[in-house]
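A structural walkthrough
Residues per chain are reported as follows:
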Amino acid sequence: MNSTKKIAILDSGIGGLTIYEELDRTLKDVEFHYLMDNRYLPYGELDADKLIERVFYKLDVLLQDTIPDLVVVACNTASTQVLDKLREKYSLPFVGVVPAIKPAAELSTSKHLCLLATPATINGDYVNNLILEFASECKITRFGSSKLVEIAELQFWSSTADTKNEQLLLELIPQECYQADTVVLGCTHFPMLKPLLVNMWPEGTKFIDSGAAIARRVKSLLYIGTDIEQHEPSMLKEVERYKGKHHFYMSAALTPTQIIRLNTAGFKHFNHI
Ligand code: DGL
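As a starting point, this report considers the structure included with it.

**Thoughts on the site of the ligand**
In the vicinity of the ligand there are 14 residues, among which Ser12, Tyr43, Gly44, Asn76 and Thr77 approach most closely. Contact distances for the ligand include 3.1 Å between a nitrogen atom and a side-chain N or O atom of aspartate 11. Take asparagine 76: an N or O atom from its main chain is 2.8 Å from an oxygen atom of the ligand. Relative to its unbound accessible area of 300 Å², the ligand is 100% covered by the protein chains. A breakdown of the residues in the shell around the ligand according to their chemical character gives six nonpolar, seven polar and one charged.

See below:
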């Protein structure tokens with residue numbers, strides 16, 4: 001019996017890879033189908049109607065190719081605006097990624113949070129409601145920026161230029177953000193910048209992203225009613241990973257160097273859709 005599960009992961013760019021990595025570390029026997037709508041990157045600059053149209057369209061195309069057991073919308077910008085509509089239309093299980101406001105409010109001692117997200121997420125109704133419900137006692141300094149997304153993309157594809165990027169980030173991020181004792185990384189691209197961000201805030205500042213919580217949620221949904229232990233990854237996992245077996249779909253062409261970069265992340269099959 002084939003026990004391999006298929007998980008589709010959606011994002012505008014490489015941000016969803018932070019979620020993929022967490023899932024890949026936590027699960028075994030999974031074939032990933034990563035859909036990157038790079039033609040419309042950054043999603044944080046799209047108006048809601050266009051974003052909804054893109055996500056539906058891309059998902060429909062993907063579903064012609066493969067039917068996953070579960071879909072992860074690995075994008076805060078899309079999850080906060082489209083998730084309900086996706087659940088209405090498709091009978092597949094969807095897991096969304098949204099800013100981790102609740103755990104951040106619980107962890108913060110000063111009750112001053114900084115929320116880093118995209119322009120579309122930062123002041124959206126979804127985030128406003130999360131704050132009202134779980135962090136009404138906190139001061140929230142919000143910074144929405146597509147520039148941060150761009151820096152994360154550059155860093156991923158070039159794998160270099162860290163000092164230059166740190167300087168760029170310092171110039172962009174407003175002073176008030178550094179007073180918060182807990183920073184919410186409310187965009188899946190931003191965990192890639194964490195090694196730089198950690199240097200910019202006072203020591204001891206907490207940085208929260210949603211990756212680990214999403215992996216736990218996916219695992220519980222995927223193996224519902226079975227013994228989860230038997231799905232723990234083995235020691236051979238790292239070796240398997242570098243053989244590469246996963247599928248990658250993009251809406252704008254990638255260069256050969258970019259393909260090689262994705263090979264090292266575990267992707268072998270590429271489709272331009
Ligand atoms: N990675 C995405 C997010 O979590 C989207 C970034 C963008 O395309 O603006 O919001």
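**Observations regarding the sheet that holds strand S10 (residues 267-272)**
In a beta sheet, neighbouring strands pair by backbone hydrogen bonds and run either parallel or antiparallel. Read across the sheet, six strands follow the order S4-S3-S1-S2-S9-S10 without closing on themselves; strand pairing throughout is parallel. Whereas interior strands pair on both sides, the edge strands pair on one side only; in this sheet they are strand S4 (94-96) and S10. Sheet twist, expressed as the average angle between the axes of neighbouring strands with direction ignored, equals 20°.

**A short note on unusual backbone geometry**
A cis amide bond links leucine 41 to the next residue, proline 42, at an omega of 0°. Note that proline 42 resides in the loop between strand S2 (30-36) and helix H2 (48-65). Of note in this structure, aspartate 29 is not a glycine but carries a positive phi near 55°. Following the sequence through the fold, aspartate 29 ends up in the loop between helix H1 (17-26) and S2.

**What to know about the sheet that holds strand S7 (residues 182-185)**
The strand order S6-S5-S7-S8 describes an open sheet built from four strands, whose pairing is parallel. Since the sheet does not close on itself, it has two edges, and those belong to strand S6 (139-144) and strand S8 (206-208), each with one partner. Pairwise comparison of adjacent strand axes, ignoring direction, gives a mean angle of 20° for this sheet.

Reading guide: rules and limits
- Residues numbered from 1 in each chain as written.
- Predicted model: local features only at pLDDT ≥ 70, side-chain atom pairs only at ≥ 80, totals over all residues.
- Heavy atoms only, no water.
- Near = heavy atom within 4 Å.
- Polar contact = N/O pair within 3.5 Å; in protein donor to acceptor, adjacent residues only side chain to side chain.
- Areas by Shrake-Rupley, 256 points an atom, 1.4 Å probe, with all protein chains shown as cover.
- Nonpolar A, V, L, I, M, F, W, Y, C, P; charged D, E, K, R; others polar.
- Pairing = 2+ DSSP bridges.
- Helix = DSSP H or I, 4+ residues; strand = E, 2+ residues; numbered from the N terminus.
- Axes fitted to C-alpha atoms, helices over the stretch in contact; angles between N-to-C directions.

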